[in-house]
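Examination of the molecular architecture
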Amino acid sequence: MSDVLSFLSWWLIVTAFGLVAWPTVFRLFRFLPDCGYSLSKTAGLLAVGYVGWLLGNFRFVQVNAGGVMASLLVVGAISLAALRGSTANEMREWWKANRVVVVAAEIVFLIGFGFWAYARALNPTITATEKPMEFAFLNSVLRTGIQPPGDPWLSGYAISYYHFGYVIMGMLTALSGVMPSVAFNLGVALLFGLTALGAFGVALNLVAAVGGNRHRRLLVAALWPALLGPLFILLGNLNGFFEVAHHRGWFGEGFWTWLDIKWTNEAPQAGDTWVPDRFLWWWQSSRVIHDRNLFGDEVEVIDEFPFFSFLLGDMHPHVLGLPFVFLGIAFALNLFLMVEANEDKKPGDSQASGLWGRLHRWLPLSWPELLGGAVILGGLSFLNTWDFPIYVFVAVAAYAVARAHRDGWVNAVWRDALILGGSLVVLGALLYLPFYIGFRSQLGGILPNVIFGTRVQQFVVMFGPSLFVVLSWLGWMAVNRRREANWPRAGLSSALAILAGLILVGSALSLVILTSGRPEAQAAIDALIGQVSLQDAPSLIFLRRLEIERLLTPLLLTGILTVAVSLVYAARSRSGGGGHEDDGRRTTDDGSPEQLASGVALFAIVLVITGALLTIGPEFVYLRDLFSTRMNTIFKFYYQAWVLWSIAAAFGTWMLARAANRIGATVPEGKVILLGPPIVGVSFDADRRGGILTHPGQIPFERGQLIGTDVGHVVIEIDRVQHRD
């Protein structure tokens with residue numbers, strides 16, 4: 001089979017999987033503006049992969065063409081069941097109204113998949129780094145055909161590793177009939193395309209949700225802003241700029257010594273070209289964080305980001321799981337919008353009897369929604385175990401914030417959030433139980449990070465593009481809330497509590513290790529302090545952690561948490577939970593339509609908070625593994641923080657651009673039509689023919705009528721004069 005035909009076969013298979021699964025996705029993600037279409041391909045792969053893996057564990061099917069088709073038929077049967085009732089008609093109407101959105105999503109996927117397939121074709125060798133191990137896993141899936149696959153190195157034993165991604169790739173390989181070596185590179189390209197599509201889909205739904213419904217114009221208007229999603233996800237960090245600057249001889253020797261990124265921390269030698277000529281210079285972008293122990297020796301830290309992973313070409317679990325991470329984010333966003341629409345299940349409402357009925361009565365989600373979420377989030381554990389707790393937290397936090405935005409932080413919100421989190425964890429583990437039975441984790445507890453503080457200049461180089469936008473957006477929102485009394489207090493107290501808690505946990509763990517007397521504990525201490533005596537080490541460590549560039553990183557993250565949590569609290573304070581319905585628009589008690597952007601922005605703020613927690617945690621603690629340093633914790637946590645902050649940055653960029661786009665138009669007789677973000681609401685006179693646009697300028701109008709809301713605009717018709725975007 002030629003390379004072009006191999007590519008086309010995979011494109012057709014993945015598209016078919018998505019179409020077969022879409023009715024189920026449509027029902028599960030019915031509160032998303034695009035009803036999950038942009039995530040349907042990833043969902044189809046997950047559904048077929050899960051069914052094939054589960055049936056394979058009971059020896060009903062194998063990883064071959066017949067087994068994959070049988071799994072696809074099961075997924076199709078589930079989708080047929082999902083079409084019951086009005087779903088088929090709703091899907092038909094959505095399809096007719098949103099063909100442009102469908103075409104746009106297909107173009108994004110095809111360009112991403114095709115572009116990276118071409119890039120891999122330029123360097124298709126499966127050598128170096130971890131490619132041989134990953135290729136061995138893929139071949140083991142194909143060779144044995146059963147579940148679990150055999151360990152390539154230990155005959156008679158199964159793979160004890162999170163290998164779901166290799167099972168999914170093996171199923172695509174078996175159905176398409178391509179060679180495993182071709183499938184490996186097609187798989188990397190497919191992951192690139194699905195990642196671009198997933199980021200596009202989440203950004204699309206975030207932006208379109210600001211309009212509050214699934215109107216065609218809102219989705220179409222959100223298409224261009226949605227491209228910011230894949231742009232931020234697939235950007236590189238700032239190390240590329242500094243590599244060029246160093247190669248060109250810019251800045252002085254002192255600057256490069258202060259920046260202290262490996263290989264560029266020496267005096268630059270001015271070159272004549274713009275492309276650095278050091279061997280594998282681009283590799284250093286994944287080693288920006290540069291730890292040193294007390295006696296100055298380098299301690300390696302990995303800080304990969306998605307584009308580096310795709311450029312490297314490894315098919316490692318953190319890359320295999322990347323598209324499915326966006327499926328998890330979409331599930332969390334759907335929960336958020338469900339609660340915002342007041343369509344969530346109210347615990348205690350069910351009248352069902354029996355054990356399951358009583359259990360269902362107190363669950364915050366219906367069984368189909370809970371099972372769908374457990375399959376999605378539980379699958380992350382099988383794909384890349386580190387991601388499971390992170391995105392359970394995102395889903396639970398999104399649900400809790402939406403509930404609190406509507407009802408306040410009452411006890412029921414905390415109770416239901418804990419029940420939801422526990423249900424997702426338990427069901428997610430049970431649905432993937434065969435994996436856990438044979439899995440042996442390398443993790444061995446939590447260790448304190450007493451020495452290695454991330455220097456702020458390296459942190460900024462790592463997260464520069466998204467960090468700049470997130471800080472700007474949070475700052476802009478904070479300024480807009482500056483007149484609301486006492487709003488920062490909750491955020492500041494919460495952020496300081498998190499910081500103090502991490503310090504206390506790190507200190508307590510240090511004390512336990514020092515007093516344990518265990519040989520491995522003493523070996524770990526010696527590796528950290530070297531020849532420094534145990535009596536002198538505390539003072540040296542204290543001085544190290546108080547260095548301003550190391551101190552600024554946790555302070556910066558504490559500041560982000562302060563503003564972000566404060567904005568969550570401020571949004572609740574403004575809505576007050578006392579809204580009512582007026583002509584189909586939710587209004588606050590003063591009669592002004594609620595600014596929908598503020599509600600949807602809360603979800604993006606949840607992503608910001610999660611990213612901040614992931615990056616501040618390794619400043620004080622890390623997970624123990626075979627490396628015995630924080631290298632892997634930084635790697636896994638920073639990778640997901642990049643994803644979360646990239647989506648938040650995409651949404652924040654659109655919000656900031658919308659705020660800067662203050663478009664006004666003067667019409668005859670001195671009447672004004674104003675379109676743009678300064679409008680918070682419209683207050684009509686008693687006769688509802690005139691009133692005030694709630695805006696810093698308090699613009700009056702006469703004989704006006706509110707036509708409706710568009711993405712980022714309020715459209716007012718005045719004396720039959722219309723000005724539309």
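Predicted model only: the values in this text are computed from it and were never measured. (Residues numbered from 1 in each chain as written. Predicted model: local features only at pLDDT ≥ 70, side-chain atom pairs only at ≥ 80, totals over all residues. Heavy atoms only, no water.)

Across its full length, the protein chain carries 28 helices and 13 strands. Relative to all contacts within the protein chain whose residues are 6 or more apart in sequence, the contacts with residues 24 or more apart total 74%. In the structure as shown, the protein chain presents an accessible area of about 30,200 Å², 64% of it carried by carbon and sulfur atoms. (Helix = DSSP H or I, 4+ residues; strand = E, 2+ residues; numbered from the N terminus. Contact = heavy atoms within 4.5 Å. Areas by Shrake-Rupley, 256 points an atom, 1.4 Å probe, with all protein chains shown as cover.)

Evaluated as defined, the whole model comprises five cavities of 30 Å³ or more. Approximately 60 Å³ is the volume attributed to the largest cavity. If you trace the largest cavity, you find 13 residues lining it, with Gly52, Val61, Gln62, Val63 and Met171 closest to the centre. Taken together, the elements giving at least two residues each to the lining of the largest cavity come down to α2 (40–57) and α3 (65–82). In terms of residue class, the lining of the largest cavity is built from five nonpolar, eight polar and no charged. If you add up the space inside the second largest cavity, you get close to 50 Å³. If you go around the second largest cavity, the residues you meet are Leu45, Gly165, Ile168, Met169, Leu190, Leu191, Leu194, Leu320, Phe324 and Leu383. Looking at the lining of the second largest cavity, the elements that each hand over two or more residues are α7 (164–176) and α8 (180–209). In the lining of the second largest cavity, the residues fall into nine nonpolar, one polar and no charged. (1 Å grid on protein atoms, 1.4 Å probe; cavity = no way out; pocket = protein on both sides within 12 Å on 5 of 7 lines; lining within 4 Å. Points joined across faces, edges and corners; volume = space filled by probe spheres on them. Nonpolar A, V, L, I, M, F, W, Y, C, P; charged D, E, K, R; others polar.)

One finds Phe164, Leu190, Phe326, Tyr391, Trp473 and Phe651 to be the most contacted residues of the largest nonpolar core, which totals 197 residues. The dominant element in this core, judged by the number of residues it contributes, is α8, at 20 residues. Other than its neighbours up to four places away in sequence, Phe651 contacts Leu206, Val207, Val210, Trp473, Val600, Ala601 and Ala604. Leu294, Val299, Ile451 and Phe452 belong to the second-largest nonpolar core, a separate cluster that totals six residues. (Core = buried A, V, L, I, M, F, W, Y, C linked by side-chain atoms within 4.5 Å. Buried < 20%, exposed > 50% of the residue type's maximum accessible area, 1.4 Å probe, protein only.)

Under the definition given, this model contains 16 salt bridges. Put simply, Arg30 and Glu369 hold a salt bridge, and the shortest N to O gap is 2.7 Å. Of the two residues, Arg30 is situated in the loop between α1 (3–28) and α2 and Glu369 in helix α18 (residues 367–383); the sequence distance between them amounts to 339 residues. Under the relative-accessibility criterion, Arg30 is labelled partly exposed at 33%. Ionic pairing is found between Asp407 and Arg403, a salt bridge with its closest N-O pair at 3.1 Å. Of the two residues, Asp407 and Arg403 are both situated in helix α19 (residues 387–407); the distance of four residues between them amounts to about one turn of the helix. According to the relative accessible area criterion, Asp407 is partly exposed, its value standing at 30%. Assessed through its relative accessible area of 6%, Arg403 is described here as buried. (Salt bridge = Lys/Arg side-chain N within 4 Å of Asp/Glu carboxyl O.)

By secondary structure assignment, the location of Thr264 is in the loop between α13 (253–259) and β1 (291–292). Since its relative accessible area comes to 2%, Thr264 is described here as buried. Ignoring any residue separated from it by four or fewer positions in sequence, one finds Thr264 in contact with Glu243, His246, Trp256 and Arg278.

Let us now look at the environment of Tyr166. Its place among the elements puts Tyr166 in helix α7. A sequence separation of 25 residues divides Tyr166 from Val141, and the C-alpha atoms of the two residues are 7.1 Å apart. Contact partners of Tyr166, with chain neighbours within four places excluded, come to Glu134, Phe137, Leu138, Val141, Met315, His316, Pro317 and Leu320.

Let's shift gears to helix α4 (residues 87–97). Listing the buried residues of α4 in full gives Thr87, Met91 and Trp94. Buried residues of α4, viewed axially, fall in a sector of 65 degrees; they line one side. (Arc of directions from axis to C-beta.)

Side chains of Phe241, Trp250, Phe251, Trp274 and Val275 sit close together on the surface and give an oily, nonpolar patch of about 540 Å² of accessible area. Here Trp250 is to be found in the loop between α12 (239–248) and α13. (Patch = residues over 30% accessible without salt bridge, like charges linked within 9 Å, V, L, I, M, F, W, Y side chains within 5 Å.)

Under the defined criterion, the tally for this structure stands at 57 aromatic pairs. Centroid distance Trp116 to Phe307: 5.7 Å. Interplanar angle 65 degrees. Geometry classified as edge-to-face. Here Phe307 lies in helix α14 (residues 306–312) and Trp116 lies in helix α5 (residues 99–122), a separation of 191 residues in the sequence. Judged by relative accessible area, which is 5%, Trp116 ranks as buried. Here the guanidinium or amino end of Arg248 rests over the ring plane of Trp274, the centre of that ring lying 4.1 Å away. (Phe/Tyr/Trp six-rings, centres within 6.5 Å; stacked < 30°, edge-to-face > 60°. Lys NZ or Arg CZ within 6 Å of the ring centre and 35° of its normal.)

The subject of this paragraph is the side chain of Asn57. Among the secondary structure elements, Asn57 is positioned in helix α2. Among the polar contacts listed, one links the side chain of Asn57 to the backbone oxygen of Trp53, at a separation of 2.8 Å. Residue contacts for Asn57: discarding those within four places in its chain leaves Gln147, Pro148 and Pro434. (Polar contact = N/O pair within 3.5 Å; in protein donor to acceptor, adjacent residues only side chain to side chain.)

So, about the environment of Val413. Along the chain, Val413 turns up in helix α20 (residues 411–431). For Val413, a relative accessible area of 0% gives the class buried. Between the C-alpha atom of Val413 and that of Val401, which follows or precedes it by 12 residues, the distance is 8.8 Å. Discounting residues that sit within four places of it in the chain, Val413 has contacts with Ala400, Arg403, Ala404 and Gly408.

Once that is clear, we can look at the packing of helix α16 (residues 322–340) against α18. In the contact formed by α16 and α18, the axes pass within 9 Å of each other and the chain directions differ by 150 degrees. Classified by the angle their axes make, α16 and α18 are roughly antiparallel. The interaxial crossing formed by α16 with α18 has left-handed handedness. Contacts between α16 and α18 involve Phe324, Val325, Leu327, Gly328, Phe331 and Met338 on the former and, on the latter, Glu369, Gly373, Ile376, Leu377, Leu380 and Leu383. Of the residues that constitute the contact of α16 with α18, the class distribution is nine nonpolar, two polar and one charged. (Axes fitted to C-alpha atoms, helices over the stretch in contact; angles between N-to-C directions. Parallel < 35°, antiparallel > 145°, perpendicular 65-115°, else oblique. Left-handed = near helix turned anticlockwise from the far one by under 90°.)

A few words on α19. Counting along an α-helix, one turn takes 3.6 residues, and residues three or four places apart therefore face a common direction. Taking 1.5 Å of rise per residue, 21 residues should cover 30 Å, and α19 covers 30 Å from first to last C-alpha, within 8% of that figure. Burial of α19 is extensive: 18 of the 21 residues sit out of reach of the surface. Within two residues after α19, Gly408 carries a phi angle of roughly 90 degrees, on the positive side. (Expected span 1.5 Å × (residues − 1).)

Contact geometry of α18 with α20 gives a least axis separation of 8 Å together with a crossing angle of 65 degrees. By crossing handedness, the relation of α18 to α20 is classed as right-handed. Side by side, α18 and α20 meet where Trp367, Leu370, Leu371, Gly373, Ala374, Val375, Leu377 and Gly378 of the first sit next to Leu420, Ser423, Leu424, Leu427, Gly428 and Leu431 of the second. Residues belonging to the contact of α18 with α20 are distributed by class as follows: 10 nonpolar, four polar and no charged.

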